[in-house]
Amino acid sequence: MKEKMKSILLALLVAGSLVQSYYLIYRLPGGDSIAKTENNYIKTDNMGPEESAENLIYPDKMQIHMGEGKHTVFYPNSTFYNLIYSRLKGRSFESFQRRPVENTDWSKIRNEDPGIELTFGSGIPVSLLQRVMQIAPDSLFEAERIDRIWIYTSPNDSKTHAMFFSTEGDVVYEAGKVDLTVQDVQQHVDFGKEWTAYSSEAGGKYYVPQSSIQMVEAEVNIGVYTVEQMQQSLFFDPGITRYIQEKDGSEIYTDSKRSLQVRQEQKWISYTDPAAPPAGESSDGKDALAAVDFVNEHGGWNGTYRLGQSGTGEERSQIVFQQYYGAYPILDTLNFHYGTIRLNLQQGTVSAYERSLIYMKSGEQHKTMVKLPGGAELKEKLSRINKDSAIEDLYPAYLPELTKTGTGLKLTPVWAVKQASGAVTVIR
């Protein structure tokens with residue numbers, strides 16, 4: 001009996017010793033480096049804040065159709081845009097029916113029927129829309145990407161129509177059940193009656209204000225992330241990275257697997273992980289969520305962003321987050337890279353990551369109101385651009401550049417003209 005008790009006591013002592021050893025190795029300060037695996041990164045807490053995917057998913061613009069050929073446009077973060085979108089997010093859409101696009105005269109509806117048209121640029125997966133809107137599960141519909149939601153009412157019809165347009169271009173899904181009355185839609189449309197009037201151009205591809213519009217030109221304070229911060233965030237062991245100076249002046253840091261290229265003149269970084277291990281099955285929606293998580297852990301979000309592009313190529317998914325100042329996007333140009341965060345994913349794992357080291361701080365150095373041309377003046381300028389390549393979209397935006405002192409960022413209002421060729425031309 002005594003031998004048995006001794007054996008039990010010995011076993012308890014061994015177990016206690018193992019538990020104590022575990023806490024010494026994995027839980028005491030400094031123990032994390034022992035427990036980390038090769039694919040873990042060090043989270044840097046003194047960079048940008050985290051953001052939830054739901055706050056990054058919203059339309060790039062909202063077109064209001066008032067009938068009789070009258071239209072206006074609301075942009076993100078403006079008062080009526082926020083009011084209408086917040087209400088639509090609380091309404092339910094279900095029982096989807098698939099229909100050919102060509103079976104409906106959309107030009108007639110655009111000009112005659114009161115409605116609200118939400119556009120999502122290059123499109124967004126339904127699985128992501130379901131995170132911000134009350135869209136009922138539907139196996140056929142959920143596989144689609146949507147670039148437009150159009151909610152409208154027709155004369156002598158007590159039903160509200162809600163149409164979801166596929167990026168494929170040939171089909172549209174109508175929600176058979178919509179939690180919106182005709183009166184609800186009309187109330188939302190009425191918000192546009194006293195707003196700037198717009199004319200529909202090129203079959204509704206873009207809209208031109210009939211008069212000039214006012215925007216804020218601003219110089220904002222900026223900060224700059226250091227290369228050391230990015231190294232600490234992106235490499236498992238920053239201490240073993242090698243430094244390479246390129247002929248073009250750019251700097252490369254590498255641990256023989258991953259590389260971080262820094263263009264100091266533009267404060268722009270390009271990170272690549274070509275050996276990123278596959279994470280298994282992926283989809284546009286899952287890749288976008290993985291991209292949000294990656295940015296949360298490696299740099300964060302200083303400012304307001306929108307999921308601007310979520311598309312799948314032959315072997316990889318490309319995700320672009322667009323930065324905004326107020327209601328309008330900040331353009332990323334060849335002369336000055338800023339305003340976007342770009343990621344490539346392979347099977348759900350980030351293989352490339354690009355962003356600016358510059359971030360906006362609170363407070364402006366200088367603000368003034370300026371006018372962007374509208375009406376005949378703007379149409380005349382657009383006609384010259386249209387000769388080279390058809391116009392696909394037109395929207396107000398900000399052209400960024402560093403101030404002369406280098407301590408601020410100047411944001412100049414412009415019209416951004418997106419062409420069928422993919423080029424973006426600016427008009428001031």
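Conventions we followed
Residues numbered from 1 in each chain as written. Predicted model: local features only at pLDDT ≥ 70, side-chain atom pairs only at ≥ 80, totals over all residues. Heavy atoms only, no water. Buried < 20%, exposed > 50% of the residue type's maximum accessible area, 1.4 Å probe, protein only. Helix = DSSP H or I, 4+ residues; strand = E, 2+ residues; numbered from the N terminus. Contact = heavy atoms within 4.5 Å. Pairing = 2+ DSSP bridges. Core = buried A, V, L, I, M, F, W, Y, C linked by side-chain atoms within 4.5 Å. Domains from an automatic or database assignment. Expected span 1.5 Å × (residues − 1). Phe/Tyr/Trp six-rings, centres within 6.5 Å; stacked < 30°, edge-to-face > 60°. Salt bridge = Lys/Arg side-chain N within 4 Å of Asp/Glu carboxyl O. pLDDT = per-residue confidence, 0-100.

Turn by turn, an α-helix covers 3.6 residues, leaving residues three or four places apart pointing in a common direction. For helix H7 (residues 227–234), a buried count of 6 out of 8 residues is recorded, marking the element as mostly surrounded by other parts of the structure. For H7, the full list of buried residues reads Val227, Gln229, Met230, Gln231, Ser233 and Leu234. Summarising the contacts, the buried residues of H7 are in contact with strand E13 (251–254), strand E14 (259–263), strand E15 (268–272), helix H8 (284–297) and strand E20 (349–356).

Once that is clear, we can look at the pairing of strand E10 (residues 206–209). Burial of E10 is two-sided: the residues Tyr206 and Val208 facing one way and the residues Tyr207 and Pro209 facing the other way are all buried. As paired strands, strand E9 (residues 198–201) and E10 are joined by 4 bridges and run antiparallel to one another. Across the sheet, residue glutamate 201 finds its bridge partner in E10, namely tyrosine 206. In sequence, E9 turns back onto E10 through a hairpin of 4 residues, with alanine 202 there showing a positive phi of about 55 degrees.

Moving on: the nonpolar core. Counting 65 residues, the largest nonpolar core has Phe164, Phe321, Leu343 and Tyr353 as its most contacted members. With 5 residues, the top contributor of residues to this core is H8. Two domains each provide a minimum of three residues to this core, namely domain 1 (53–195) and domain 3 (222–359). In this structure, Tyr198, Ile358, Tyr395 and Leu399 belong to the second largest nonpolar core, which totals 37 residues.

Right, let's get into unusual backbone geometry. Within the chain, serine 95 stands out as a residue other than glycine whose phi angle is a positive 55 degrees. Note that serine 95 resides in strand E3 (residues 92–100).

What follows concerns helix H9 (residues 375–386). For H9, built from 12 residues, the straight-helix expectation of 16 Å at 1.5 Å per residue is met to within 8% by its first-to-last C-alpha distance of 16 Å. Each element contacted by the buried residues of H9 is listed here: E10, strand E22 (391–402), strand E23 (408–419) and strand E24 (424–427).

Attention now moves to the packing of aromatic side chains. Two aromatic rings are characterised by how far apart their centres lie and by the angle between their planes. With the rule as written, the count across this model stands at 26 aromatic pairs. With 5.5 Å between their ring centres and 80 degrees between their planes, phenylalanine 141 and phenylalanine 164 make a pair best called edge-to-face. Placement of phenylalanine 141 in the loop between strand E5 (134–135) and strand E6 (145–153) and of phenylalanine 164 in strand E7 (residues 160–166) is noted, with a sequence separation of 23 residues between them. Here phenylalanine 141 and phenylalanine 164 have matching classes, each one buried. Between phenylalanine 141 and tyrosine 173, the aromatic rings sit 4.9 Å apart at their centres with planes inclined by 50 degrees, giving tilted as the arrangement. Here phenylalanine 141, found in the loop between E5 and E6, pairs with tyrosine 173, found in strand E8 (residues 171–178); they are 32 residues apart in sequence, far enough to count as distant. A relative accessible area of 1% means that tyrosine 173 is categorised as buried. Put simply, the rings of Phe93, Phe96, Phe141, Phe164 and Tyr173 touch in pairs and so form one group of aromatic residues.

This part covers the pattern of salt bridges. Applying the stated criterion to the full structure yields 19 salt bridges. Between aspartate 284 and arginine 145 there is a salt bridge, and its shortest N-O distance comes to 3.0 Å. Note that aspartate 284 is positioned in helix H8 and arginine 145 in strand E6, a separation of 139 residues in sequence. Look at arginine 145 and you get buried, because its relative accessible area is 15%. Ionic contacts of the salt-bridge type, sharing partners, join the residues Asp60, Lys61 and Asp393 into one network.

Looking at the protein chain as a whole, the pLDDT averages 87, with 86% of positions reaching at least 70. This stretch, residues 1–6, has a pLDDT under 50; its non-local contacts, to residues over four places away or in other chains, come to 0 contacts. In this model, residues 17–44 is a region of pLDDT below 50 whose contacts with residues beyond four sequence positions or in other chains number 36 contacts.

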